[in-house]
Amino acid sequence: MVRMFIMMHPWYIPSINLAKKLVLKYWISEFPAEFNLSPELAEEIKDFKDLLTTEGNASQSQLIDLDSVPSYKWKRQVTQRVPSVSKKRKMSLLFDHLDSCELAEHLTYLEYKSFCKILVSL
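Since we're looking at a predicted model, the values are computed, not measured.

## A look at the packing of aromatic side chains
Under the defined criterion, the tally for this structure stands at one aromatic pair. Aromatic pair F5 and Y12: ring centres 6.3 Å apart, planes at 45°, arrangement tilted. By relative accessible area, F5 is classed as partly exposed at 34%. Relative accessible area serves as the criterion here: at 54%, Y12 is assigned to the exposed category.

## Some words on a nonpolar patch on the surface
A contiguous nonpolar patch, built from V2, F5, I6, W11 and Y12 and spanning about 620 Å² of accessible area, is present on the exposed surface. Take W11: it is sitting in the loop between α1 (2-8) and α2 (15-21). A relative accessible area of 68% means that W11 is categorised as exposed.

## Description of a negative patch on the surface
Among the surface-exposed residues, E43, E44, D47 and D50 lie close enough to one another that they form a single negatively charged patch. Take E44: its relative accessible area is 53%, and that puts it in the exposed class.

## With respect to the confidence of the model for the protein chain
The predicted coordinates ought not to be read in detail in places where the model reports low pLDDT. Residue-level pLDDT values for the protein chain average 76, and 76% of them are 70 or greater. Mean pLDDT values over the elements of the protein chain span from 53, in helix α7 (residues 73-76), up to 87, in helix α8 (residues 100-116).

## Description of the nonpolar core
Across soluble globular proteins, nonpolar side chains show a tendency to be buried alongside one another. In terms of nonpolar packing, the biggest core is built from nine residues, these being L24, I28, F35, A42, I45, L52, I64, L66 and V69. Looking at this core, the elements that each hand over two or more residues are α3 (24-30) and α5 (39-54). Broken down by element, the residue count for this core peaks at three residues, all from α5. Setting aside its immediate chain neighbours within four residues, F35 contacts W27, I28, L41, A42, I45, L66 and V69.

Analysis parameters
- Residues numbered from 1 in each chain as written.
- Predicted model: local features only at pLDDT ≥ 70, side-chain atom pairs only at ≥ 80, totals over all residues.
- Heavy atoms only, no water.
- Phe/Tyr/Trp six-rings, centres within 6.5 Å; stacked < 30°, edge-to-face > 60°.
- Buried < 20%, exposed > 50% of the residue type's maximum accessible area, 1.4 Å probe, protein only.
- Patch = residues over 30% accessible without salt bridge, like charges linked within 9 Å, V, L, I, M, F, W, Y side chains within 5 Å.
- Areas by Shrake-Rupley, 256 points an atom, 1.4 Å probe, with all protein chains shown as cover.
- Salt bridge = Lys/Arg side-chain N within 4 Å of Asp/Glu carboxyl O.
- Helix = DSSP H or I, 4+ residues; strand = E, 2+ residues; numbered from the N terminus.
- Lys, Arg positive; Asp, Glu negative; His and termini not counted.
- Charge placed at Lys NZ, Arg CZ, Asp CG, Glu CD.
- pLDDT = per-residue confidence, 0-100.
- Core = buried A, V, L, I, M, F, W, Y, C linked by side-chain atoms within 4.5 Å.
- Contact = heavy atoms within 4.5 Å.

Given below as structure tokens:
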């Protein structure tokens, strides 16, 4: 996979931009959920940090800070609705009162919320 990624990256990102984005600090700061949702990945990065420290690269080791990664535990929990006893709401699946743009916005939002609940594991 790594070889394929390196060979095909010019299709969607210039090599110079890829080199900038492969910096570990950028990965941790821009995609912290990956480190929180994958304990194996976080452990591997901590081992890499320890290796840098033991080999005398303490300044480079300080650039790797997984302690600042926020917790995304709340994203992994399945949402449950609390039944409302006091108030019954009418729910309709009729969309005839919406124009096409409003309908598209509503459906896009519903798809977005559904996709946010999908956990990605490689």
